[in-house]
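Breakdown of the fold
Letter by letter, the chains look like this.
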Amino acid sequence: MEIITATLIITLFATVCGALLGFASIKFRTEVNPIVDQINELLPQTQCGQCGHPGCRPYAEAIANGEAINRCPPGGEAGIKALADLLELDVIALDESCGEEIRERVAVIREDECIGCTKCIQACPVDAIVGAAKLMHTVIASECTGCDLCVPPCPVDCIDMPFVAITTDNWRFSNPDHSVNFISIKQVS
Amino acid sequence: MKNSSPFIHDARSTSHIMRLVIFALLPGALAEIYFLGWGVLINIVLCSVYALSAEAFVLKLRDRPVKPTLSDNSALLTGILIALAIPPLLPWWMSLVGVWFAIIFAKQLYGGLGFNPFNPAMVGYVLLLISFPIEMTAWLPAAELAQQQPTLLQTIQLNFLGATSNGLSLHDFRLLADGYTMATPLDESKTAFSLGLMTTEITQDPRFSPNLSSWLGLNISFLIGGLYLLFNRIIHWQIPVSLLASLFLCASIFHTFDNELFLPGWIHLFTGATMVGAFFIATDPVSAATTPKGRLIYGASIGFFIVIIRLFGGYPDAVAFSVLLLNIATPTIDHYSKPKVYGTDDGGSKNA
Amino acid sequence: MLKKNDTINFVDFISHAKFDIPGGIHPRQYKSMSNQRAITSLAPAKEFFLAENAKPGNHGKRLVEIGDRVLAGQKIFESFIDQIENNTHSPYDGEVTEITHRKLGHASGLSMPGICISRISQNHTASLPPVKNWQQADPTDLIKRIHEAGIVGLGGAAFPTHVKLNSSEKKIETLIINAMECEPFITCDDVLIRERASEILQGSLITAQIVGASQIMIGIEDNKPEATNALAEQISKHLQQTRENNISSPKIQIIVAETKYPSGGEKQLIQLLTGQQVPQNKYPAALGILVQNIATLFAIYDAVCNGQTLTHRLVTLTGNLVEKPGNYWIAFGTPLSHIISKLGIPTNKISKIILGGPLMGTAIDKTSKECFSELNIPTQKSTNCIIFNSDKSDIMVSSPNDVHDACIRCGECEVVCPASLVPQQLYWFAKSEQWEKLEQNNLRDCIECGACSYVCPSQIPLVSYYRFAKSEIKHLKTRKKKSELAKQRFDNRESRLARIKTEREKKRKKTAEARMLTAANKNKDPDGKKSAIQAALQRVKDKKEEQS
């Protein structure tokens, strides 16, 4: 007799809890971006293809389907950490086969050599190159993400990829744990 | 980036501070040797050696520089605190276990100085108390009451061999003139209360007073050391003051409520490990709360728990347990007691 | 050391500060080294280097080329009045010899662009006409004059003054004059007040008129009794004058505060004198307050009443290697090597040179390869003090192998923080790179005063961590913005390409259909006659409908 009472009480309790939870999951639902969008937000949007996918969004979709999160060199260590935090995965080192994390670069066209073929304009994923057929092409430096995609198509190889110059506007203090900085008084040429 | 400003510095270093704390323990340590015998001195020496060796051992394993870390005096301080907390004739290997556990598990495994969430000395003490309850409550009686007191040689023999050369054991030295085995006043009163005795009967017992007065002397010596630290601004006033005030208040409330079932507040204040706890143990900077308001809450809560556990718990003294309990709460206390930042209406935490 | 009879003569407009700032430290002051001597001039250097942008972000446009002759006071770099930039002028007659980059002593060690001028003569002439009767002048004209003269805040921050005066957030009621000079070693403000109190008062009145302030509060530390008395004397004269001639004047008071660092910080000074706190993310103008350093006010007086452009400033030259430490009138752009040689400092004994004060300045350390006698880092508008130290000084001489102890959570840093932050928490978060936590704990409100590092028993370079964290957070924010923009551009491009594709597809379909139709028609009507007749009939029909 007692067993039946006990079973009924527990069942009732479970039903009530279940109902409350169900109600809460509907009433207090928050709109969350689908996971692919969230992953895409964390990627650097250079659309460079170093991860093996044709752009950042395809890679985001691949990550959502279980691909490794360490294939993005422009995102670097910080990017991997952010993805790991979002997806609750372990932080792993950058996959060296995809490339290495280097300082930001910017494309510069050697205008004397440009032949106006528009191949680089078509290649740039963010439309950072200004120009038209048979007319001068130039890179809008502020919009360039340094993805390198313009370099292979250029038939006269007139595009350089120098590092972005460090000025006092974008210079960063180093982590005191990692290094010590001194102002050397010898002038740097 | 050491080249970054500022380029001038206030003189006190960590090792200097720790050294001053050890120095401030001197009055208390001397008093303890006087009242409880040579065993205390042996323990201080042994525990210091154990502490430094434990730290050196782990540092070698961790591949860290040994000399700079040992010279910050924090391991030495931990060793000395444990030495002063344990009974004078505790066997050498028990104190070894306690000190090594404190330094290795409660300090170095967390990352060393500054990273431990719990007070290492208290962790070592509690480990010993729980593992060896009989030996850890075998205190010697005050000098004037004891049937006989061990000499230095006998103390060494008792500590290392368990018995003196003429066959006397620890138990023999705990006997009073009439064959009664003496314990600390708190221990005595707890046992007495559980037997149904009243406060007046306990305090009027001729054996209680001299025992109590020796512990009184001990606590006052630690108080002197604590005041020295306070005036030299080594510790902040918030923890000792709030701890002692809260302890006195809680004990007095219970005493007023029923003065036959509870000891008066001032006895609680000056017996057991109250003073050494208030000034030397609870003030351990690494494991205590850091904000001024947080410190007040921390100290007051420890005082409260000391009284509660002493009165209603299973152990006669409760400083170690209370401190460890509040160590757990420290991050939360710190989080909720942050000062109001310049220019904000609240703690500013709403603005990301 | 204060002389016995130099106590402050408290008259009715002098009072003690009623409020206090939290925290703060009392380091040894080292002021008596340099404030016992009168203002001295230093023989000018043969060559000057004027930087194009004194601070990151203040970009001026260069007006001269190599080989140009320039006159003393002539504008070299021009800026727009509505930008946070400032004009720069040549201190002496000379010739432009080089347009190049040079290290300016910025923490990064980077070289910044500027020009070298080789001095020809020492005539230091004014280049602007003095403003006659500034009391009747339009505030806008006065602000234009201040912009033209290239005046920036001379307390060390070098913020363009005309921008500060133009801040239109709220009507300014109170002008606070910062005469605190709370950092050790620095005495240039102290000595300037002692010798030029009248001009400084004039500058304050000009500024008060520009913004329409009804009261002036001068905040000064109690270690400057001579300066306080000098100011008091001038104020008494001024009040007497206004009473006699029945002209209005803003209410002026001197408030003497306890010597404590960093009570001279702008936010801290406002709290000290008025008890109010500048709301987070806002400027003092939100409280109707404007704060100016006394040296800036002197420069304003000079620009308005004498037509002087800002080319020189008083610099404290001190340290245990300086034989005659004191305050020297030095032109901007003077290379350190010139100062070293003129003061006779033995270069082989120098182990550290600090530009600014010991708590907030930047240091130039001796490294094995460098030679101090060739040091051509120039002084700038923000250089208010240079400290030359040997190994034997009290100033910390750090080495690259310095390892500091672990944080013992003692909480001393929190006790001294003037912004009521918890530096210890900020340190732990910066070490573990938890940027969000840092923002939640108000890292942005840290003024980098160095009080926390000063008291840390473990000698942790706390401010370095905060600087690192701040620049990382800024960098991440910039990166995020850039990637969002790149994503937008990419998405736009993708949609444009897709649109072109669909249009092309449509067109292709249309032509394919048309082709199919003509092919089908051809089948029915191989010569095309039938369809031609039909088409002609259709045309006539349409025309008829149109006409009707």
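Please read all numbers here as calculations on a predicted model, not as lab measurements. (Residues numbered from 1 in each chain as written. Chains lettered and ligands numbered in written order. Predicted model: local features only at pLDDT ≥ 70, side-chain atom pairs only at ≥ 80, totals over all residues. Heavy atoms only, no water.)

Looking now at the packing of helix H3 (residues 188–211) of chain C against helix H4 (residues 225–245) of chain C. Residues and elements named next belong to chain C. One can describe the packing of H3 onto H4 by two numbers: an axis separation of 8 Å at closest approach and a directional angle of 30°. Relative to H4, the element H3 lies roughly parallel. When you trace H3 past H4, the crossing you get is right-handed. Across from Asp190, Ile193, Arg194, Ala197, Ser198, Leu201 and Leu205 in H3, the residues of H4 making contact are Glu226, Ala227, Ala230, Leu231, Gln234, Ile235 and His238. Of the residues in the contact of H3 with H4, the class split is eight nonpolar, three polar and three charged. (Axes fitted to C-alpha atoms, helices over the stretch in contact; angles between N-to-C directions. Helix = DSSP H or I, 4+ residues; strand = E, 2+ residues; numbered from the N terminus. Parallel < 35°, antiparallel > 145°, perpendicular 65-115°, else oblique. Left-handed = near helix turned anticlockwise from the far one by under 90°. Contact = heavy atoms within 4.5 Å. Nonpolar A, V, L, I, M, F, W, Y, C, P; charged D, E, K, R; others polar.)

As enumerated under the stated definition, the model contains 21 aromatic pairs over all chains in all. Through pairs of rings, three or more aromatic residues link up here, namely Phe115 of chain B together with Tyr427, Trp428 and Tyr465 of chain C. (Phe/Tyr/Trp six-rings, centres within 6.5 Å; stacked < 30°, edge-to-face > 60°.)

Moving on, we come to the interface of chain A and chain C. Many analyses report the size of an interface as the accessible area lost when the parts associate. The partner chain C presents 47 residues to the 42 residues of chain A that form the contact. When chain A packs against chain C, close to 4,000 Å² is buried across both sides, 55% of that on carbon and sulfur atoms. At the surface where chain A touches chain C, the tally comes to six salt bridges. Asp127 of chain A is paired through a salt bridge with Arg493 of chain C; the nearest N and O atoms lie 3.5 Å apart. Counting across the chain A and chain C interface gives 14 residue pairs in polar contact (both at pLDDT 80 or more). Listing elements by their share of the side of chain A that touches chain C, those giving two or more residues are helix H2 (35–42), helix H4 (76–87) and helix H5 (119–123) of chain A. A per-element tally of the side of chain A that touches chain C places H5 of chain A first, with three residues. Here the residues of the side of chain A that touches chain C sort into 20 nonpolar, 13 polar and nine charged. (Buried area = accessible area lost by both parts, 1.4 Å probe. Salt bridge = Lys/Arg side-chain N within 4 Å of Asp/Glu carboxyl O. Polar contact = N/O pair within 3.5 Å; in protein donor to acceptor, adjacent residues only side chain to side chain.)

So, about the confidence of the model for chain A. When the pLDDT values of chain A are averaged, the result is 86; 94% of them are 70 or greater. The low-confidence segment residues 180–189 of chain A, where pLDDT is below 50, has 36 contacts with residues more than four positions distant or belonging to other chains. (pLDDT = per-residue confidence, 0-100.)

Another aspect to go through is helix H17 (residues 292–312) of chain B. Residue and element names in this part refer to chain B. Look at H17: 30 Å from first C-alpha to last across 21 residues, which is about the 30 Å you get at 1.5 Å a residue. Of the residues making up H17, those classed as buried are Gly294, Arg295, Tyr298, Gly299, Ser301, Ile302, Gly303, Ile306, Val307, Ile309, Arg310 and Leu311. On its buried face, H17 sits against helix H11 (185–194), helix H14 (238–257), helix H15 (265–269), helix H16 (274–281) and helix H18 (319–336). (Expected span 1.5 Å × (residues − 1). Buried < 20%, exposed > 50% of the residue type's maximum accessible area, 1.4 Å probe, protein only.)

Residue and element names in this part refer to chain B. Orientation of helix H5 (residues 74–85) relative to helix H6 (residues 92–105), taken along the N-to-C sense of each, is 145°, at an axis distance of 10 Å. The two elements H5 and H6 meet at a crossing, and its hand is right-handed. Facing H5, whose interface residues are Ala75, Thr78 and Ile82, H6 presents Gly98, Val99, Ala102 and Ile103. The residue inventory of the contact of H5 with H6, partitioned by class, reads five nonpolar, two polar and no charged.

On to the interface of chain C and chain B. Contact residues are listed per partner, giving 57 residues for chain C and 36 residues for chain B. Across the interface of chain C and chain B, roughly 4,100 Å² is buried in total on both sides, 55% from carbon and sulfur atoms. Where chain C meets chain B, there are zero salt bridges. Only helix H5 (266–274), strand S16 (352–355), strand S17 (362–365), helix H8 (412–416), helix H9 (423–431), helix H10 (435–440), helix H11 (451–455) and helix H12 (462–524) of chain C provide two or more residues apiece to the side of chain C that touches chain B. The class makeup of the residues in the side of chain C that touches chain B is 26 nonpolar, 19 polar and 12 charged.

This next bit is on the domain arrangement of chain A. Residue and element names in this part refer to chain A. When cut into domains, chain A gives domain 1 (34–98) and domain 2 (103–164). Each of domain 1 and domain 2 has a C-alpha centre, and these two points are 26 Å apart. Both faces combined, the contact of domain 1 with domain 2 buries some 330 Å², and carbon together with sulfur accounts for 64% of it. Counting every contact that joins domain 1 to domain 2 gives zero salt bridges. For the pair domain 1 and domain 2, the number of links is zero residue pairs in polar contact (both at pLDDT 80 or more). Looking at side-chain class alone, the side of domain 1 that touches domain 2 contains one nonpolar, three polar and no charged residues. (Domains from an automatic or database assignment.)

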